[in-house]
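Chain by chain, the residues:
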Amino acid sequence: MATEQPVRKLLAVLRGEKPAVPPIWLMRQAGRYLPEYRELRAQKGGFLELAYDSDAACEITLQPIRRFGFDGAILFSDILVVPHAMGQDLWFETGEGPRLAPKLAEYDWQKLVPAPERLNPVYETVRKVRAALPAETTFLGFAGSPWTVATYMVAGQGSKDHAETRSLAYADPVKFGELIDAITATTIDYLSKQIEAGVDAVQLFDSWAGSLSPAQFERWVIAPNAAIVSALRTRHPDTPIIGFPKGAGGKLPAYAREVCPDALGLDETVDPLWAHASLPENLPVQGNLDPLALMAGGEALESAVAHILKAFESRPHIFNLGHGILQHTPIAHVEKLLNLVRGG
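Calculation notes
Residues numbered from 1 in each chain as written. Predicted model: local features only at pLDDT ≥ 70, side-chain atom pairs only at ≥ 80, totals over all residues. Heavy atoms only, no water. Salt bridge = Lys/Arg side-chain N within 4 Å of Asp/Glu carboxyl O. Helix = DSSP H or I, 4+ residues; strand = E, 2+ residues; numbered from the N terminus. Buried < 20%, exposed > 50% of the residue type's maximum accessible area, 1.4 Å probe, protein only. Polar contact = N/O pair within 3.5 Å; in protein donor to acceptor, adjacent residues only side chain to side chain. Contact = heavy atoms within 4.5 Å. Pairing = 2+ DSSP bridges. Axes fitted to C-alpha atoms, helices over the stretch in contact; angles between N-to-C directions.

### A word on the pattern of salt bridges
Here is step 1 of the chain: For the coordinates displayed, the defined rule picks out 14 salt bridges.
Here is step 2 of the chain: Through salt bridges with shared partners, a single network forms among Arg8, Arg130 and Asp200.

Here's what the structure looks like:
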């Protein structure tokens, strides 16, 4: 007699189903709030060394699944491996974050020498995680969306207002558009190879989408994300895609209509009731607990979770944070969150 396959509940929601209890995973769930992650990082060295060590990256991806039993596992990597594969140098300054060189505000990106082999360890990580992951757990790959990746490539690091990148986009939209197109093409291939290696679904992180005017948002967020979704749907029609344009606010309905993701991630500034009323009917949504409410715990956590669950009770919903889990979040608060969502 054939054995029945476990249901990947998160994957089912991405395909439009609505279970009585929503699946849950957390952005940055594999990371520095976990003591087991901090221990491994102390042994192995810096962040990039971990991300490009397929054994270490596999272990980190699995750590929160072992501890909490989340419904989804998110690949441990970084959005900046794409510019690294496009030929920029990449490193992380302790306490200051990523650095890329040469910065494209001062250098013609077309002179970069592509190094796609730098992504091979990521695909190896995917294969190792796929082999080790519980059958009921959905495996999520990801990439940064072109606008967000470009902000780092142009400035050579993160910035608060993305002024250099926005200035370039206004001053020379043809040149900037060519850069966006190159990032888009690399991202399509990168996500396609993640899917071929074993992920069940992918998420597009547009972390800095909120810094653009409506017209610029249409050009540099909606258009390239739509191109990625269309290309992936042609290559991998059965693989769901989550779009997460952080800070999009009132532009979310346009993003949903024009990009056509299979699910839409909502950040913590979005009113769940407004989102449910404004977004296309039955479009699965993901989110959107404030990471600070999770860190605070207590009544703040309980009331916020109840509000989100109520707002999305008649829509396919994946419970998540509005952005990544914060470093000093107590483990007990994550356990409490799981109990609140799952009714334990």
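### Quick look at the side chain of threonine 148
Here is step 1 of the chain: Within the secondary structure layout, threonine 148 lies in helix 7 (residues 146-155).
Here is step 2 of the chain: Judged by its relative accessible area of 0%, threonine 148 is buried.
Here is step 3 of the chain: Here tryptophan 208 takes part through its backbone nitrogen, which lies 3.0 Å from a polar atom of the side chain of threonine 148.
Here is step 4 of the chain: Residue contacts for threonine 148: discarding those within four places in its chain leaves Ile79, Phe205, Asp206, Ser207, Trp208 and Ala209.

### What to know about the sheet that holds strand 8 (residues 285-289)
Here is step 1 of the chain: The 7 strands lie next to each other as 1-4-5-6-7-8-9, forming an open sheet whose pairing is parallel. At either margin of the open sheet sits one strand with a lone partner, and together these are strand 1 (72-74) and strand 9 (317-321). Each strand axis lies, on average, 25° off the axis of its neighbour in the sheet, ignoring direction.
Here is step 2 of the chain: Along the sheet, helix 9 (residues 173-197) makes contact with strand 4 (138-144) and strand 5 (201-206), crossing strand 4 at roughly 165°.

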